[in-house]
Structure formats: structure tokens, C-alpha cells
Amino acid sequence: MQFKDMINQGQNISATIAVCKSNDEGIIKAIVKAIKYTQANFILFDEQPQDELIRSFNLTHDELNRIKIIQTDDEAHTVSECVKSVDEGQADLIMKGLIDTSTLLKEVLNNKYKLKTTDRMSHIALFNIPEYHKMLTVSDVAMNIEPNVEQKIDITTNLITCLQKIGIQSPKIAVLSAIEKVNPKMKSSVDADAVVSGIRNKMANLEIEGPMAFDAAINKRASIIKNIDSEISGNVDGVVVPQIESGNILYKSLVYLSKADVASVIIGAKIPIILTSRSDSSRDKFHSICSALMLI
């Protein structure tokens, strides 16, 4: 599975995406590309006028008809109208624009809407890395700060669900630490062992291992040199990081040093939330749209 495969599959998925604080050239560029490559429609919420920016992309009349512009009074109004559009069934997805993640998620979790579920919400990053032979997913790098074992099991379950929805029915999962053996002095190794046990109790046939260092997870030669007996080394589909700091560092290292393409989505709410960073390229924002379409 690569982003090109997700783009091809996304061509058959029809959905309306509500974009919160959309008045940005990179966001509009991603939306325009999505209109050309998918069946998605968009509702753009922002307190600033957007018509001139959108017209600069020379869309056809039919393409323009797939964009609805809602000019709001202020940021609070932007957020509430955007989330309300999903709650009332006018849109199927939410996309984060130029707004703080916490501001948007606080509104999504507001009890006046019906967007919360019994599932834990967590962030998933999907990478195409030049030096890795298939898509690699990483969780959680942006939402749960320092999850305990029970929360990590929920995060891992979300990751597995995400992979299965995009077509990887038997995903291979590594729960990361700095070592491959449990050390009571290293909490991440203790947690990883407990997470693996917890997931195996729920999904006996799933291939999941941990604790596992990142090099052994993605490189079979590393595990052979380190004399690690692993069935999934060098072929993992997803990794679960110990906490947000390590995940955030891994995310940015892959993007800025490995030139990886990335998509970011939050799942666990009633609908997926496209959660791109303000510094993400329009290409990454487009990939996030395509990924979220497959998770509806």
C-alpha cells in the first residue's frame, strides 16, 4: 500500500469535507488537487474572504460547484459552524486548517454535538518513506501525551483498525522502546510488553511484538546482528511509540531528514479528522484527505 494506491481507491469515494480555517494557499491547493483526483466536495469555513484565492486556481465551473464557502464572524464562530456542519449531516469529515489542534478538538468533544464515541481518540501518521518498501504508520504522535498501558492498548487497537480499513487485513505491529528485552528501569519496555499481551488477548492471530527498538522494527539486518528472534522485523506496517515526545521527534525526523511523504488523521470520534500540521506541504495535506476518505 502506497499513497498512489489510496488516491486510486479514493476516486470511488464520495464525501463532503468541512474545512476549519481554510484561508491558506497550501490548504486550497490541496483541496483543488483533491477535487481533481477524488469525488470529495468541500465546505470552507473562515472569517476571511476566500473567493479571490480560490479563483486564482482556474477551476472549471463544475469544479467550483464542489466548493461551498461560508464566511464566519470570528474564529470561535468558524470552529462551531464547521463542527456543527458534521453534527447535522451536511459534511462527513472535518479537516483542520490554520487553527490550533486543541481548539478544534475541544469543540468536537463538546457535549452539544454527537461526535464522541466510547472509543479513545488517537492520532495516526501514515508515511511513504523512500528507504522503506511499503507504507509505515506511526501512533500516537500528536494527541495522547503520556498514555498508560490501557490507553496504549486503545491506541494500538485504533492503529490496527485504521490499517484494516485501508486494506491491510493482517497488519504487523511493533510496540517501540529503546530495547528488545523488558527492563523494569525502562518504563517503555514494561509498557510495550503489557500492550503486546493485552492485544494478543483480544486478537490472538495478530502479529505484534514488543518491546522493540525502531531499527529492529524496520530493518531485518539490524535484528539479525542483534540476535533478535522476530517474525515481523523489517516488514512492519505500524509502530506504536512510547509517548508523544518520541513520536513527534520520529515524525519530524522522517519528514525532514528522510524526505518522507506523510498523511495525518485522528480516529476514534464518530468521523475521521484530517489533522495536518501548518508546516505540512500541500502534497501532504492532499495525502491526508485521501487517507481520511478511506477511513469513513
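You'll find the structure just up there.
Residues numbered from 1 in each chain as written. Predicted model: local features only at pLDDT ≥ 70, side-chain atom pairs only at ≥ 80, totals over all residues. Heavy atoms only, no water.

> I would appreciate a short explanation of the pattern of salt bridges in the present structure.
Opposite charge on two side chains lets them pair, provided their charged atoms get close. The tally for this structure, following the rule as stated, stands at 13 salt bridges. Salt-bridge contacts for E47 lead to K21; the nearest nitrogen and oxygen are separated by 2.7 Å. Of the two residues, E47 is situated in the loop between strand 2 (41-46) and helix 3 (51-55) and K21 in the loop between strand 1 (16-20) and helix 2 (25-37); the sequence distance between them amounts to 26 residues. We classify K21 as buried; its relative accessible area is 13%. Here the residues in one salt-bridge network are K21, E47 and E75, joined through shared partners. (Salt bridge = Lys/Arg side-chain N within 4 Å of Asp/Glu carboxyl O. Helix = DSSP H or I, 4+ residues; strand = E, 2+ residues; numbered from the N terminus. Buried < 20%, exposed > 50% of the residue type's maximum accessible area, 1.4 Å probe, protein only.)

> Hey, could you run me through the sheet that holds strand 9 (residues 238-240) in this one?
Pairing within the open sheet is mixed, and its eleven strands lie in the order 3-2-1-4-11-10-5-6-9-7-8. The open sheet has two free edges, formed respectively by strand 3 (67-71) and strand 8 (207-212), since each of these has just one partner strand. Pairing of strand 10 (residues 261-267) with strand 11 (residues 273-274), which is carried by two bridges, proceeds in the antiparallel orientation. In the strand pairing of strand 11, V265 is matched with I274. Sitting on the sheet, helix 2 is in contact with strand 1, strand 2, strand 3 and strand 4 (93-96), with an inclination near 165° to strand 2. Those strands touched by helix 5 (residues 75-87) are strand 1, strand 2 and strand 4, and its axis lies near 165° from that of strand 1. (Pairing = 2+ DSSP bridges. Contact = heavy atoms within 4.5 Å. Axes fitted to C-alpha atoms, helices over the stretch in contact; angles between N-to-C directions.)

> It is not clear to me how the packing of aromatic side chains should be interpreted in this structure. Could you clarify?
One pair of aromatic rings is described through two measures. These are the centre distance and the angle between the planes. Per the counting criterion, the structure on display carries two aromatic pairs. Centre to centre, the rings of F127 and Y251 are 5.5 Å apart; their planes meet at 70°, and the pair counts as edge-to-face. Linking F127 in strand 5 (residues 122-128) with Y251 in helix 11 (residues 244-256), this pair joins segments that are 124 residues apart in sequence. In this pair, the class of F127 matches that of Y251, namely buried. (Phe/Tyr/Trp six-rings, centres within 6.5 Å; stacked < 30°, edge-to-face > 60°.)

> Honestly, the pairing of strand 10 in this entry has me stumped. Any pointers?
The two faces of a sheet get side chains in turn, since along a regular strand they alternate between them. For strand 10, a buried count of seven out of seven residues is recorded, marking the element as mostly surrounded by other parts of the structure. Burial along strand 10 is two-sided: the face carrying D261, A263, V265 and I267 and the face carrying V262, S264 and I266 are both buried. Pairing of strand 5 with strand 10, which is carried by seven bridges, proceeds in the antiparallel orientation. Bridge pairing in strand 10 places N128 opposite D261.

> I'm lost on the pairing of strand 6 (residues 136-139) in this one. Help?
Neither face of strand 6 is left uncovered, since the one carrying L136 and V138 and the one carrying T137 and S139 both have all their residues buried. Across three bridges, strand 5 lies against strand 6 in antiparallel orientation. Bridge pairing in strand 6 places F127 opposite L136. One ladder, built from three bridges, connects strand 6 with strand 9; its direction is parallel. When the bridges of strand 9 are listed, S139 appears paired with V240.

> What exactly am I supposed to notice about the side chain of D284 here?
With respect to the secondary-structure elements, D284 resides in helix 12 (residues 282-293). Among buried charged residues, D284 stands out as having no salt bridge; its nearest opposite-charge side chain is R283, 5.4 Å away. At 3.1 Å, the side chain of D284 and the backbone nitrogen of V262 are in polar contact. Here D284 is in contact with D261, V262 and A263, once residues within four sequence places are set aside. (Lys, Arg positive; Asp, Glu negative; His and termini not counted. Polar contact = N/O pair within 3.5 Å; in protein donor to acceptor, adjacent residues only side chain to side chain.)

> Even after reading the chapter, I still don't get the packing of helix 7 (residues 149-165) against helix 8 (residues 187-202), so can you show me in this structure?
Relative orientation and spacing of two packed helices are given, respectively, by the angle between their axes and the distance between those axes. Direction vectors running N to C along helix 7 and helix 8 enclose 55°, while the axes themselves pass 9 Å from each other. In terms of axis orientation, helix 7 runs oblique to helix 8. In the packing of helix 7 onto helix 8, the handedness of the crossing is right-handed. Within the contact between the two elements, helix 7 uses V149, K152, I153, T156, T157 and I160 and helix 8 uses D191, A194, V195, G198, I199 and K202. (Parallel < 35°, antiparallel > 145°, perpendicular 65-115°, else oblique. Left-handed = near helix turned anticlockwise from the far one by under 90°.)

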